[in-house]
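A structural walkthrough
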Protein chains: 2
Amino acid sequence: MDQLMDILKRNQLSVTEGRRKILELFLKSDGALAHADVEKKIDAGFDRVTVYRTLQTFVEKGIIHNIPTTDNSILYALCKDNCEAGHHHDNHVHFICDVCDKTICLEHVAIPEVKLPKGYQQRQADLVISGVCDDCR
Amino acid sequence: MDQLMDILKRNQLSVTEGRRKILELFLKSDGALAHADVEKKIDAGFDRVTVYRTLQTFVEKGIIHNIPTTDNSILYALCKDNCEAGHHHDNHVHFICDVCDKTICLEHVAIPEVKLPKGYQQRQADLVISGVCDDCR
DNA sequence: TTATTTTTTGCAACAATATTGCATTTTCGT
DNA sequence: ACGAAAATGCAATATTGTTGCAAAAAATAA
Ligand SMILES: [Mn+2]
Ligand SMILES: [Mn+2]
Ligand SMILES: [Zn+2]
Ligand SMILES: [Zn+2]
């Protein structure tokens, strides 16, 4: 069975054209994608609402994860770690290139532990680094 | 001279009621504020546009810095480090409490260095940790 | 396969958030 | 107090995100 179907089935999602197309887009794209990117890069004309709902579903199922940014955009990228529904455990650094503006998952760079002040309990950590990527030097 | 004026003068900003009120709000508030918070918490009825422009100005001058989040909101907090116009160098961890929903600058917790893959050049780093804060345990 | 149930989609309406140009007002330096 | 420069409010517009509901598609049962 092909990878795409596999992911959808494994997560008990009925396979529809929208989900196939959007998941395919993530599979073949290297960087992270914003909602707007998904809408643009998909040839088929899905409704905006469908895109919102699909992304949300994928996040809930642990198929994609989102990446915080300081501008007002949420970015999404494929989970390559074994994320389960409702519980992500991606633990890698994200890199945003100032030049090409791509956002890349650095799968092999783990977020270091930090010692928090007394009484603070950590659940999740996001480390986003910006600068110049390898391609743009 | 009082602290408020001092900050505005130092950054060559003409002192207006809007700027005074908004800066005052940041000075006396412990956590970070979203645009919406600023609008709500200010008694005087400034135009939304003025708030947008003021926040933007403050960020450019290095008076406040913004904090990335995974939901679609930009948070702002006072720079306590010596940030210059156009060049922030806050280097502290931000903590978002899942319970009280406050976002706190952990001024004394530095973001650790990470070793990036060959070719990547770092300019800035944002580390946002969420969990339960000291007050909410 | 066909019929039935469940889920997903598109549409429309709405809400919230953000940006821009321009006339008026306020602040600043003289 | 006066003139130049900067900030503000207003209105119009754009972008982004949410919700309810009927139609369409997919999954399941027969
Ligand atoms: Mn990632
Ligand atoms: Mn901070
Ligand atoms: Zn690049
Ligand atoms: Zn708390």
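Before any of the text, the structure's been laid out above.
Here the focus is the packing of helix α1 (residues 3–10) of chain A against helix α2 (residues 17–28) of chain A. Residues and elements named next belong to chain A. Two elements in contact, α1 and α2, have axes whose closest approach is 10 Å; the angle formed by their N-to-C orientations is 115 degrees. Our pair here, α1 against α2, has a crossing hand that is right-handed. Note on element contacts: α2 touches α1 through R19, R20, L23, E24 and L27, opposite Q3, L4, M5, I7 and L8.

Attention shifts here to the pattern of salt bridges. Tallying each qualifying case throughout the model produces eleven salt bridges over all chains. E17(A) is the salt-bridge partner of K21(A), the closest N and O atoms lying 3.3 Å from each other. Placement of the pair is K21(A) and E17(A) together in helix α2, with a separation of four residues, close to one helical turn. One salt bridge connects R48(B) with E39(B), and the closest N-O pair in it is separated by 2.6 Å. On the basis of relative accessible area, R48(B) is assigned to the partly exposed category, the value being 42%. In this structure E39(B) comes out as partly exposed when scored by relative accessible area, which is 29%.

Near DNA strand C, the surroundings consist of 16 residues, among which R19(A), T50(A), N72(A), V15(B) and Y52(B) are the closest. Each atom of DNA strand C within 4 Å of the protein was assigned to sugar, phosphate or base; sugar and phosphate come to 66%. At 2.7 Å, a side-chain N or O of R19(A) approaches a phosphate oxygen of DNA strand C. Here D47(A) contributes a backbone N or O atom positioned 3.5 Å from a phosphate oxygen of DNA strand C. Elements supplying a minimum of two residues to the surface near DNA strand C: α4 (48–61) of chain A together with α4 (48–61) of chain B. When the residues that make up the surface near DNA strand C are grouped by side-chain class, the tally is five nonpolar, six polar and five charged.

All names here are of chain B. Within the first shell, the manganese ion (ligand 2) binds the protein through H65 (NE2), H92 (NE2), H94 (NE2) and C105 (SG), at distances of 2.0 to 2.2 Å. Counting residues between consecutive donors of the manganese ion (ligand 2) along the chain gives the motif H-x26-H-x1-H-x10-C. With H65 in strand β2 (residues 64–67) and H94 in strand β4 (residues 92–97), the pair connects residues that are 29 residues apart, well separated along the chain. Given the relative accessible area of 5%, H65 is considered buried.

All names here are of chain A. Taking strand neighbours across the sheet as the criterion, the three strands line up as β1-β3-β2 in an open arrangement whose pairing is antiparallel. Two strands close off the open sheet at either side, each with one partner strand: β1 (33–34) and β2 (64–67). Alignment of β2 against strand β3 (residues 75–78), held across four bridges, turns out to be antiparallel. Each bridged residue has a counterpart across the sheet, and for I64 the counterpart in β3 is L78. Packed on one face of the sheet, α2 meets β1, β2 and β3 and runs near 80 degrees to β3.

Counting 28 residues, the largest nonpolar core has L127(A) and L127(B) as the members making the most contacts within it. Sorting the residues of this core by element identifies β4 (92–97), β5 (103–110) and β6 (121–132) of chain A together with β4, β5 (103–110) and β6 (121–132) of chain B as the ones contributing at least two each. The contact partners of L127(A), leaving out residues within four places of it in the chain, are V93(A), H94(A), I111(A), P112(A), I111(B), V114(B), A125(B), D126(B) and L127(B).

Residue and element names in this part refer to chain A. Note on the zinc ion (ligand 3): its protein donors are C97 (SG), C100 (SG), C133 (SG) and C136 (SG). The metal-donor distances range over 2.2 to 2.4 Å. Bound by four donor atoms, the zinc ion (ligand 3) shows angles of 103 to 119 degrees at the metal and therefore tetrahedral coordination geometry. On the accessibility criterion, C133 (3% relative accessible area) is buried.

Calculation criteria
- Residues numbered from 1 in each chain as written.
- Chains lettered and ligands numbered in written order.
- Predicted model: local features only at pLDDT ≥ 70, side-chain atom pairs only at ≥ 80, totals over all residues.
- Heavy atoms only, no water.
- Axes fitted to C-alpha atoms, helices over the stretch in contact; angles between N-to-C directions.
- Helix = DSSP H or I, 4+ residues; strand = E, 2+ residues; numbered from the N terminus.
- Left-handed = near helix turned anticlockwise from the far one by under 90°.
- Contact = heavy atoms within 4.5 Å.
- Salt bridge = Lys/Arg side-chain N within 4 Å of Asp/Glu carboxyl O.
- Buried < 20%, exposed > 50% of the residue type's maximum accessible area, 1.4 Å probe, protein only.
- Near = heavy atom within 4 Å.
- Polar contact = N/O pair within 3.5 Å; in protein donor to acceptor, adjacent residues only side chain to side chain.
- Nonpolar A, V, L, I, M, F, W, Y, C, P; charged D, E, K, R; others polar.
- Donors = N, O, S within 2.8 Å, 3.2 Å for Na, K, Ca; no water.
- Pairing = 2+ DSSP bridges.
- Core = buried A, V, L, I, M, F, W, Y, C linked by side-chain atoms within 4.5 Å.
- Tetrahedral: all angles 85-135°; square planar, octahedral: opposite > 155°, others 65-115°.

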